[in-house]
Amino acid sequence: MQNDTINKSRQRIEFVRRYGTVIGALMIFIIFSFASENFFTARNFMMLLRQLSMLTIVAMGFTFVMAAGGFDMSIGNLTGLINMVFTIVLLNTNSFLLATIAGITIGLIVGFVNGTLVAYIGLPDFIATFAVGSIVYGIKMLLTKGNPIFFREDAPAIAKAIGQGYLGPIPLPVIFMLIYVLLGIFVLSKTSFGRRIYAIGGNATASIFAGIDIKKYRRYTFLISGFSVALAAIILTSRLGSGQPLAGEDFLLDAIAVAFLSSTMFGEGEPNGAGTFVGAFIVGMLNNGLTMLNVPYYFQYITKGLVVILAVVLSAVFAKKLSE
Amino acid sequence: MAEEKKQKKIILRSENLGKEFNGVWVLKDINFDLREGEIHSLVGENGAGKSTFIKILSGVYKASEGNLYVEDNPVNFESVHESEEVGIRTVHQEINLVPYFNAYENIFIGSEEVKKVFNLRILDDVKMKKKSKNAIKELGIKFDVGRSAQFLSTACQKVIEIAKVLVQNPKIIIFDEPTTALGEEERDNLLEIIKELKSKGYSIIYITHNLEEVMNISDRITVFRDGNKIDTVTKDDILKMEDIIPMMLGHKSYENFCRNCEPVDDVDRLEISKLYTKRLKNISFQVKKGEIVGIAGIVGAGKTEIAKALFGLDNILGGKIKINGVSYIPSPKEAIMRGIALVPEERKTEGIVPNFSVTKNTTLTYLNKWTQSGVINKEHELSVTKEYISKFDIKTTGPRQPIKYLSGGNQQKVIVSRWLLGDFDIGIFDEPTKGIDIKAKEDIYILLDELASKGKSIIFLSSYLPELINICNRILVINNGRIVDEFDPRTLNAKNEIMTAMMEGYKNAE
């Protein structure tokens, strides 16, 4: 009898631990829908998805790094650099293909440098990626002396379509995001690659003893992060039609928020693909909804910070309750 | 008689002290006393109950039964702090210093001396320096207390650990294997220091695996075995250290599991010659097909280093290794390809991924077996895991349960299953029965026997002699990074001889 009650309460705790953040997301959605008459409209919903598409892609890359127990502080500045480089190459060659190759190459190079410093040379990830981010920031500013640059009038149509086009009613960035999310979920949860990354994050020493080449895999996660940033940056550049010195600056804080929210979802205790999507949705929704309610942007930072703290505290509390 | 009693007052006494964990008594009816100004050594095999006893004295554990008296006052420590309050301090086996703190900062860590300047409490470096200098001088040693701990030798670091205890003015000092990781000369110096402390009136409990040291410094010796106190003898009662060994080992029968040693295939599968690493010196031995070779040694003798060297986790400085006659250069990847499996000593840190399910832990090493073009066949891995759960009788709610909720023995079975999936040739088992219950231990022995009879080569590293004697074809003894002797476990007096070789300082080195 008593056991039954205990079991029931355990089940309830487990349910909240798994789906609490998702329920929270729905609640925020409902609150915004009542608070602002423009929020719950098909048009705004598509806009919201389009806004959060780039963040989701960046956060998906970050999820890989965090799943392996790492951290990448360079993503915000890297977005800015690729935004600039893409625009410059496009201006000079008028070739979307070359600009894309240049952008992705830079993402991979920075990821490779991050991964090598952290995994092979053994620098602490916070410091190494923070320093690399600083270098990246400097190079970005150097390229145009801190000035914005704009696409030419005769820029190839595809260069704008990537970020601004539609497939039927659905914005193209949303489609890219959905494909990327599905791919991320698949790799993280279904492949041996994903399994090994989680093993490294769960216990790096035990992974070495199990024969996993943890250096190689850790560097891969930084490469994935760099590649994801490049994709997001290209979409962003296409949306802006320009290279902006401040572009992508919010991505770091937002992606960190997303990754921590992600690890509170579906009972994994680690950032996971589906959790990252919902997490990005929450952060995107806060950005969008608070703007609609005319809340000054600085309050959005405060709100986001509080949401992250709440999510992390809750997941810790539930984890502790369950282990008792 | 009365005279002697007066001189040597009893400062600490335990009465029928016992400790149980989950219904298992790991310590029972311990009547122990420590006299003022004596060195009282505690000896016994691993798991004999020495450290449990020490943990009760220092307030880490609460006794389950019995009484403890300090200077005839009953005490019942709720915390380490309470034990320290009455003047009991421990010098731990491991050195725990902040590397970039200098000696006196380390010595006063957590009990810093402060002075008031303009009503602000600031660190009183002058006072701490002076007190530290005095403490170190009291130990008969001189070095610059202003140097960072990281630049000092292990011996000096140990002295800092002792000074840390001395500045707290203890009455009773417990030394837990203080000479581990020290060279011979440093070790002798340390023993002199401890004798010096005794002459200054400190009462000392000394724990060691090294019987030479016991003979060197003890006034009295207490032997523990299987959680019981066997006897307390004065140093004059015994003539040589070999006399203590039978007391430690007892006459208990080790016949619970005894391997039926078949003659082995006379082919050397693994040949190691003149292997050197940072900790290993001139290691040479062979393992045949179907043979179980035991490597016996006390903690820190270099057993784990052999495992790590073979698996490619330690740098090899010299020597050759061959598998099936073909040269082998160790790395984890190469090790697995060439059929080497390693069940590591530290199950928690080196074995399991705690948040992973039983299944994910089981399939971690040979994941590719259940993977097609990168995608894991989850049903297949689940069914394989279920098979091993029932084969080894692994107690779990199911293959999806996180492994951290399993008991130590069951976790170990999962780690062993992990390697069995790969059909290895050479299995290295590093203390595979450490901290697991008797039933699980026996299961592991049976398994090792089975593996050997299927022709696998097993290297069994252990500091627990009875298990080695029961299941090994040969036993090598390692001491201070060298293999010092080899024994046939079936000879009449093997047990005592091996134990002597394990404990015997560095006599046979070179």
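1. A few points about the sheet that holds strand β4 (residues 65–70) of chain B
Residues and elements named next belong to chain B.
(1) Moving on: Read across the open sheet, the four strands follow the order β2-β1-β4-β5; overall the sheet is antiparallel. Where the open sheet ends on each side, the last strands, each with one partner, are β2 (24–35) and β5 (73–75). Here the average twist between neighbouring strands, direction ignored, is 25°.
(2) Moving on: The pairing of β4 with β5 spans three bridges and is classified as antiparallel. In the sheet register, L68 faces β5, and the bridge partner there is V75.
(3) Moving on: Here helix α2 (residues 50–57) sits on the sheet in contact with β1 (10–21) and β2, set at roughly 65° to β2.

2. Here's the deal with the interface of chain B and chain A
(1) Moving on: At the interface, 23 residues of chain B touch 16 residues of chain A.
(2) Moving on: Elements represented by at least two residues in the side of chain B that touches chain A include exactly α11 (332–337), α12 (347–351) and β20 (375–376) of chain B.
(3) Moving on: In the side of chain B that touches chain A, the residues fall into 13 nonpolar, seven polar and three charged.

3. Considerations on the pairing of strand β24 (residues 482–487) of chain B
Residues and elements named next belong to chain B.
(1) Moving on: Two strands pair when backbone bridges link them, and strand β23 (residues 474–479) and β24 are joined in this way by five bridges, in the antiparallel orientation. Within β24, the residue paired with I478 across the bridge is I483.
(2) Moving on: Between β23 and the antiparallel strand that follows it, β24, lie two residues; N480 among them carries a positive phi value of about 50°.

4. Digging into the sheet that holds strand β17 (residues 326–327) of chain B
Residues and elements named next belong to chain B.
(1) Moving on: Overall, antiparallel pairing links the four strands, which are arranged β14-β13-β16-β17 in an open sheet. Of all strands in the sheet, those with a lone pairing partner are β14 (283–288) and β17, marking the two edges.
(2) Moving on: Two strands pair when backbone bridges link them, and strand β13 (residues 268–276) and strand β16 (residues 318–323) are joined in this way by five bridges, in the antiparallel orientation. Bridge pairing in β16 places L270 opposite I323.

5. A look at the packing of helix α8 (residues 192–202) of chain A against helix α10 (residues 214–240) of chain A
Residues and elements named next belong to chain A.
(1) Moving on: Taken N-terminus to C-terminus, the directions of α8 and α10 make an angle of 105°; their axes are 10 Å apart at the nearest point. In terms of orientation, α8 lies roughly perpendicular with respect to α10. Here R196, I197 and I200 of α8 come into contact with α10, specifically with I214, Y217, R218 and T221.
(2) Moving on: Residue composition of the contact of α8 with α10, grouped by class: four nonpolar, one polar and two charged.

6. Describing the nonpolar core
(1) Moving on: Counting residues in hydrophobic clusters, the biggest one holds 221 residues, and the most contacted among them are A:V58, A:A255, B:L448 and B:F460.
(2) Moving on: No other element matches helix α2 (residues 42–67) of chain A, which puts 14 residues into this core.
(3) Moving on: Contact partners of B:F460, with chain neighbours within four places excluded, come to B:I292, B:V293, B:G294, B:F429, B:L448, B:L468, B:I471 and B:C472.

7. So, unusual backbone geometry
All names here are of chain B.
(1) Moving on: Within the chain, N169 stands out as a residue other than glycine whose phi angle is a positive 50°.
(2) Moving on: Mapped onto the secondary structure, N169 falls in the loop between α6 (154–166) and β9 (172–176).
(3) Moving on: Phi is positive for N480, which is not a glycine, with a value near 50°.

8. What to know about the packing of helix α4 (residues 96–120) of chain A against α10(A)
All names here are of chain A.
(1) Moving on: At a minimum axis separation of 7 Å, α4 and α10 run at an interaxial angle of 150°. By the angle between their axes, α4 is roughly antiparallel relative to α10. Relative to α10, α4 is oriented so that their crossing is right-handed.
(2) Moving on: Tallied by class, residues from the contact of α4 with α10 come to 15 nonpolar, nine polar and three charged.

9. Details of the domain arrangement of chain B
Residue and element names in this part refer to chain B.
(1) Moving on: The assigned domain composition of chain B is domain 1 (7–87 + 170–249), domain 2 (268–339 + 424–505) and domain 3 (346–423).
(2) Moving on: One C-alpha centre belongs to domain 1, the other to domain 2, and the line joining them spans 32 Å.
(3) Moving on: With twelve residues of domain 1 at the interface, the matching set in domain 2 holds twelve residues.
(4) Moving on: Listed by contribution, the elements that provide at least two residues to the side of domain 1 that touches domain 2 are α8 (211–217) and α9 (244–249).
(5) Moving on: Among the elements that line the side of domain 1 that touches domain 2, the one with the most residues is α9, at three residues.
(6) Moving on: Considered class by class, the residues forming the side of domain 1 that touches domain 2 number five nonpolar, four polar and three charged.

Reading guide: rules and limits
- Residues numbered from 1 in each chain as written.
- Chains lettered and ligands numbered in written order.
- Predicted model: local features only at pLDDT ≥ 70, side-chain atom pairs only at ≥ 80, totals over all residues.
- Pairing = 2+ DSSP bridges.
- Helix = DSSP H or I, 4+ residues; strand = E, 2+ residues; numbered from the N terminus.
- Axes fitted to C-alpha atoms, helices over the stretch in contact; angles between N-to-C directions.
- Contact = placed C-beta atoms within 7 Å.
- Nonpolar A, V, L, I, M, F, W, Y, C, P; charged D, E, K, R; others polar.
- Parallel < 35°, antiparallel > 145°, perpendicular 65-115°, else oblique.
- Core = buried A, V, L, I, M, F, W, Y, C linked by C-beta atoms within 7 Å.
- Buried ≥ 20, exposed ≤ 12 C-beta atoms within 10 Å, placed from the backbone.
- Left-handed = near helix turned anticlockwise from the far one by under 90°.
- Domains from an automatic or database assignment.

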